[in-house]
Amino acid sequence: MRIGILSAQLGREDVHENKRLVREIRLMGHRPVIINYRRAVVVTTKGKQALYQPDRHGVLKQVRVNAVIPRINEADDKSVTLATTALETLMTGGAYSTANPIAIRLSKDKIRSLLAIMGAGINAPRTAAITSARATELDLDKVLKAVEANANKRVIIKTNVGTLGKGVMSANTRGEARAIMDGFLANNIPILLQQFVEPTKKNQYIDLRFMVVSGKVVTAMKRMSARKDEIRANISLGGKGEPYTPTETEIDMAERAARAVGLTVAGVDIIPSGKARLVIEVNSSPGFIIEKVNDFNLAKKIVRQAVTNANRQEKQAMKKLAAKLNEPITIPKPIKKN
């Protein structure tokens, strides 16, 4: 079986995840195929679509795979469109994908994904989505009050796209928040204004990362920020990870959040605040650092999902074909001549 890894192959982290998946694919006796969506070409002929990419000699060759594992770390609209168009083309040709293109696009849009999460009845921080570029027409103070009634309390401001903790800012006062918001909106950048969730312990900013594969939580870790003045706990920003044993309630929340966005493979981030738990993000291409933290083979789980479902999809296609071949052939009666 040929298993594709759809990736732009950008950055050290992305290459690491690709290498891990390639190793597990080979260990299972299958053939890995790296598909660079930035170099791919979609060809349409006679109502059919096919994906091509150049080989090492620059000759375009059709990409043929049984399954695809998307690794789309970029979040800008252009990159997401390139990647999901390539993915849709492969799926049209019969390949199984571990992530639906619609779900990928939704997860990359922080505003829409949060609406989907909250629409499913899952707890999330109080949030206002501001998409208007005309900041002068908005009463920003009213928006700020709706999110945080206390003018002297901290609020979080996020850009609508961003990965690895980038695009997340903290404002200590309402005036500081207003200035940051004005700057973004004046440059046509949609933002999320979000309630700051107080940490359980003072100045200990942590979040919980849950890995979902085949729709189920398979492992989890706790992430702690590198410094007391850093509100982001991302390991890519110097945070520290340690094993975490989740409760049944947390597992249920993480699985429901992934399902709300439409993902069967995801990294779900939850912030603990006392007894409360709030979902802040669902990531369609989570990093594999949790493998080292928990001594857990995440890549193998993802590859197994791809192989199992590709086999199931192929069997279903063969059944449909066999049923069609076994249909009785109706021979038209000859036309009688007068």
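Further up the page is the structure itself.
Not measured: the values here are computed from a predicted model.

S.K.: Explain the sheet that holds strand β15 (residues 266-273) here, please?
M.R.: Paired through backbone hydrogen bonds, the strands of a sheet run either parallel or antiparallel to each other. Strand order in the open sheet formed by five strands is β14-β13-β12-β15-β16, and the pairing between neighbours is antiparallel. Strands at the two margins of the open sheet, each flanked by one partner only, are β14 (240-243) and β16 (276-283). On average, each strand axis in the sheet is inclined to that of its neighbour by 30 degrees, with strand direction left out of account. The pairing of strand β12 (residues 206-213) with β15 spans five bridges and is classified as antiparallel. Bridge pairing in β15 links Val212 to Ala266.

S.K.: So what exactly am I meant to see when it comes to unusual backbone geometry here?
M.R.: Most peptide bonds adopt trans geometry, and most residues besides glycine take a negative phi value. Of note in the backbone geometry, Ser214 takes a positive phi value of approximately 55 degrees without being a glycine. Checked against the element boundaries, Ser214 lands in the loop between β12 and β13 (216-224). Look at Asp295: it is not a glycine, yet its phi comes out positive at around 50 degrees. Here Asp295 is to be found in the loop between α8 (290-294) and α9 (298-325).

S.K.: Would you mind going over the sheet that holds strand β4 (residues 48-54) with me for this structure?
M.R.: Pairing within the open sheet is antiparallel, and its three strands lie in the order β3-β4-β5. Two strands in the sheet have a free side with no partner beyond their single neighbour: β3 (41-45) and β5 (60-62). Each neighbouring strand pair of the sheet contributes to a mean axis angle of 40 degrees, computed without reference to strand direction. Together, β3 and β4 form the strand contacts of helix α2 (residues 77-92), whose direction differs from that of β4 by roughly 120 degrees.

How each quantity is defined
Residues numbered from 1 in each chain as written. Predicted model: local features only at pLDDT ≥ 70, side-chain atom pairs only at ≥ 80, totals over all residues. Heavy atoms only, no water. Pairing = 2+ DSSP bridges. Helix = DSSP H or I, 4+ residues; strand = E, 2+ residues; numbered from the N terminus. Axes fitted to C-alpha atoms, helices over the stretch in contact; angles between N-to-C directions. Contact = heavy atoms within 4.5 Å.

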